[in-house]
Amino acid sequence: MKTFRHNLHQRFTVLMLVAALLVGFVISVWSYRSEYAQAVQDSSRALEAMVQSIEKTAAIAAYNFDETLANELMAGLRLHPQVAIAQVLFNEGELRDSEEQAFTISRQLKSPFPPHDVVGRLILRANKAAIQAQATARARAQAISIAIQTALITLVLYVAAGRFVSRPIVKLADGVAAIEPGSSQRLPPLPNHESDELGMLVDGTNQLLQSYEGNLQRERELRREVEVMEAQYRQIFDSTSAGIFVLDNDGRLINSNPTVERLVGSVVSQGKGQKGQDFVVGVFKDPERAWSLIDRARECGETMSADLELVHAGAAPRWVHCLISVQHDHNNEVRQNGLVEGVVYDITERHKAEAVTRHRAEYDGLTGLNNRHSTEHLIDQMALDAKRLNKHACILCIDLDGFKRVNDTYGHHAGDYVLRVCAQRMLNCVRRGHDLVGRMGGDEFVVALANCAIKDAAVGRTAEALISGLSEPITLADDQGTVAIGASIGIASTSESGFSREGLLAAADCAMYEVKRTGKNTYATALPDVFQKAAVDPLN
């Protein structure tokens, strides 16, 4: 505190000296110039007065051409220390150039008798050096006087300020520095300052110290409460079943809880703190979808959610429900470079159950083919795509010939087995990933061929392959023997029957029943107003 006290006095002293020098200099310069100008003006007025006092006498001398009188007048003027030249010019016109200069007074002398003609000129040239010397002496004396007064005032102000302001403030600062923060110590009152601003400052400081002591005590209590709550939240953070992670704007992992590591494996431990390590790419199987989720959360300022599959190496697929949000700034606006907060829940079992439920809703439980509902939906989509792309599609309605006899002879168990075998043979006859095989019910099936017109060779080859495959003998289980069935197929195309699913199925169904009526185990195409039966028996 001693250093502070010395620094305060030094700064105060330097400040007072600089202020005094600056003020004294400015006032002295101003006073010097002002007094100098006033002295010059006074000298000019005195010379003007002398000129006016002898002007009439000089006019009489000029009128009478009385050089003796003129010389006596001028000699009297020259005795004045501020007069350099004094002369009377008889019958002179304008003043010569050499005489037109500062510190020169020129008066025309007029006749003392009417009509007052100009009879001469009176010229009085001041002693410039004498006037400047006198003005300088007066100005310097005035400036020195003001400088002395300024110095005395500054000294008085410095002593008074030090006595009543500087020293009490230093004492107050020493007292504040000696007080232990949060203790019960207080500042003692300053003598002779109980009722002024310094006394108010002491009282205000003591009140602040009292408030600070109370706030510090409350802060300690709150800190203890926060530590307890933090421990509880940390326990929840570490033990919760939800995975919690924080990413920077570039997708690098900043922090996560143990659940995230249990869900995604070693990616967390490998990615923490490593620059360039993209947590999203390393964790999610479809990182583009995850980044899209982050971008939508950043744009909308809301929490976004989606089911995402995790990266897995050889293990069964693992799914999580992911909640993504982006931190907001103090204006509750989303930061463009804000941290990304994510919460993930393991939904693998739920996803499996949903997949099973979805499969049951869309696929036939016996054959594994698309059931009637999903088949109709997929045909609608295929017809819509064909119409949109200006292409065509074909529908094959298939009815198994002789299936009822197998069911009646060998029982429903054998019939179910035959249906499963036939379903697999039909799948082998179509293009996987392009064409559709669905069971409409009983022994009725539908095959939909994408990007095919009814006259395309691929349609006939597919129909022949279906009849050939379905006609091969089937060995029943449990040594029940071998059975043979056939197939009647009706074909319809969007090129002839339009793009309506109902119209396509109706046309193909009519063609199929025409085959059954005229011999079975072959196929026919539905053309306008006629059914064209296959010319070649596929069994031969």
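Since the model is a prediction, treat every value here as computed from it, not as a measurement. (Residues numbered from 1 in each chain as written. Predicted model: local features only at pLDDT ≥ 70, side-chain atom pairs only at ≥ 80, totals over all residues. Heavy atoms only, no water.)

Points about the overall build of the protein
Consideration 1: Across its full length, the protein carries 15 helices and 16 strands.
Consideration 2: Intrachain contacts of the protein at a sequence separation of at least 6 include 61% that bridge at least 24 residues.
Consideration 3: In the structure as shown, the protein presents an accessible area of about 31300 Å², 55% of it carried by carbon and sulfur atoms. (Helix = DSSP H or I, 4+ residues; strand = E, 2+ residues; numbered from the N terminus. Contact = heavy atoms within 4.5 Å. Areas by Shrake-Rupley, 256 points an atom, 1.4 Å probe, with all protein chains shown as cover.)

Comments concerning the pattern of salt bridges
Consideration 1: All told, the structure shown has 19 salt bridges when counted by the stated rule.
Consideration 2: Across the salt bridge formed by aspartate 385 and arginine 388, the nearest N and O atoms sit 3.3 Å from each other. On the criterion of helical spacing, the pair formed by aspartate 385 and arginine 388 is a turn pair, its members being three residues apart in helix H10 (residues 372-388).
Consideration 3: Given the relative accessible area of 59%, arginine 388 is considered exposed.
Consideration 4: Linking lysine 404 and aspartate 408 is a salt bridge whose minimum nitrogen-to-oxygen distance equals 2.9 Å. Of the two residues, lysine 404 and aspartate 408 are both situated in helix H11 (residues 403-410); the distance of four residues between them amounts to about one turn of the helix. (Salt bridge = Lys/Arg side-chain N within 4 Å of Asp/Glu carboxyl O. Buried < 20%, exposed > 50% of the residue type's maximum accessible area, 1.4 Å probe, protein only.)

Overview of the pairing of strand E8 (residues 340-346)
Consideration 1: Bridging between strand E4 (residues 243-247) and E8 involves five bridges; their strand directions are antiparallel. The residue bridging phenylalanine 245 from the neighbouring strand is glycine 342, located in E8.
Consideration 2: With seven bridges joining them, strand E7 (residues 319-326) and E8 adopt antiparallel strand pairing. Bridge assignment links isoleucine 324 to a residue of E8, and that residue is glycine 342. (Pairing = 2+ DSSP bridges.)

What to know about the confidence of the model for the protein
Low-confidence regions, as indicated by low pLDDT, have predicted coordinates that should not be scrutinised in detail.
Consideration 1: Confidence along the protein averages 80 in pLDDT terms, with 88% of residues attaining 70 or more.
Consideration 2: In the model, residues 94-101 has pLDDT below 50 throughout and makes eleven contacts with residues more than four positions away in sequence or in other chains.
Consideration 3: Here residues 533-540 is modelled with pLDDT under 50, and outside its nearest four sequence neighbours on either side it reaches 14 contacts, counting other chains as well. (pLDDT = per-residue confidence, 0-100.)

Some details on the nonpolar core
Consideration 1: Ranked by internal contacts, the top residues of the largest apolar core, which has 34 residues, are Leu396, Ile398, Leu400, Val418, Val447, Ile489 and Ile491.
Consideration 2: Breaking this core down by element, the ones donating at least two residues are strand E9 (393-401), H11, helix H12 (412-428), strand E11 (444-450), helix H13 (457-471) and strand E14 (486-493).
Consideration 3: Top contributing element to this core by residue count: H12, with seven residues.
Consideration 4: One finds Ile54, Leu122, Leu124 and Ala126 within the second-largest nonpolar core, a separate group that totals 26 residues. (Core = buried A, V, L, I, M, F, W, Y, C linked by side-chain atoms within 4.5 Å.)

A closer look at the sheet that holds strand E5 (residues 253-256)
Consideration 1: Strand order across the open sheet formed by five strands is E5-E4-E8-E7-E6, with antiparallel pairing between neighbours. Looking at strand neighbours, the two that pair on one side only are E5 and strand E6 (304-309), the edges of this open sheet. On average, each strand axis in the sheet is tilted by 25° relative to the strand beside it, whichever way the strands run. (Axes fitted to C-alpha atoms, helices over the stretch in contact; angles between N-to-C directions.)

Quick look at the environment of alanine 84
Consideration 1: Within the fold, alanine 84 resides in strand E1 (residues 83-90).
Consideration 2: When sequence neighbours within four positions are dropped, the list of residues in contact with alanine 84 reads Arg125, Ala126 and Asn127.

Quick word on H13
Consideration 1: Between its first and last C-alpha atoms H13 spans 21 Å; for 15 residues at 1.5 Å apiece the expected length is 21 Å, and the two agree.
Consideration 2: Looking at the buried positions of H13, the neighbouring elements they touch are E9, H12, E11, E14 and strand E15 (523-527). (Expected span 1.5 Å × (residues − 1).)

What about the packing of H11 against H12?
Packed helices, taken two at a time, are described by the angle their axes make and the gap between the axes.
Consideration 1: Relative to each other, H11 and H12 sit at 145°, their axes nearing to 6 Å. Judged by residue contacts, Phe403, Val406, Asn407 and Tyr410 of H11 engage His412, Ala414, Gly415, Val418 and Leu419 from H12.
Consideration 2: In terms of residue class, the contact of H11 with H12 is built from six nonpolar, three polar and no charged. (Nonpolar A, V, L, I, M, F, W, Y, C, P; charged D, E, K, R; others polar.)

As for the packing of aromatic side chains
Consideration 1: One pass over the structure, following the stated rule, counts two aromatic pairs.
Consideration 2: Ring centres of phenylalanine 65 and phenylalanine 90 lie 5.7 Å apart, and the angle between their planes is 80°; on these two criteria the pair is classed as edge-to-face. Highlighted residues: phenylalanine 65 in the loop between helix H1 (2-63) and helix H2 (67-78) and phenylalanine 90 in strand E1, separated in sequence by 25 residues.
Consideration 3: The interplanar angle of 40° and the centroid separation of 5.0 Å between the aromatic rings of phenylalanine 245 and phenylalanine 279 together place this pair among those described as tilted. (Phe/Tyr/Trp six-rings, centres within 6.5 Å; stacked < 30°, edge-to-face > 60°.)

Considerations on the side chain of aspartate 364
Consideration 1: Secondary-structure assignment places aspartate 364 in the loop between helix H9 (348-362) and H10.
Consideration 2: On the accessibility criterion, aspartate 364 (15% relative accessible area) is buried.
Consideration 3: In terms of polar contacts, aspartate 364 uses its side chain to reach the side chain of threonine 367, at 2.7 Å.
Consideration 4: Side chain to side chain, aspartate 364 and arginine 439 meet in a polar contact 3.1 Å long.
Consideration 5: Contact partners of aspartate 364, with chain neighbours within four places excluded, come to Leu369, Asn370, Asn371 and Arg439. (Polar contact = N/O pair within 3.5 Å; in protein donor to acceptor, adjacent residues only side chain to side chain.)

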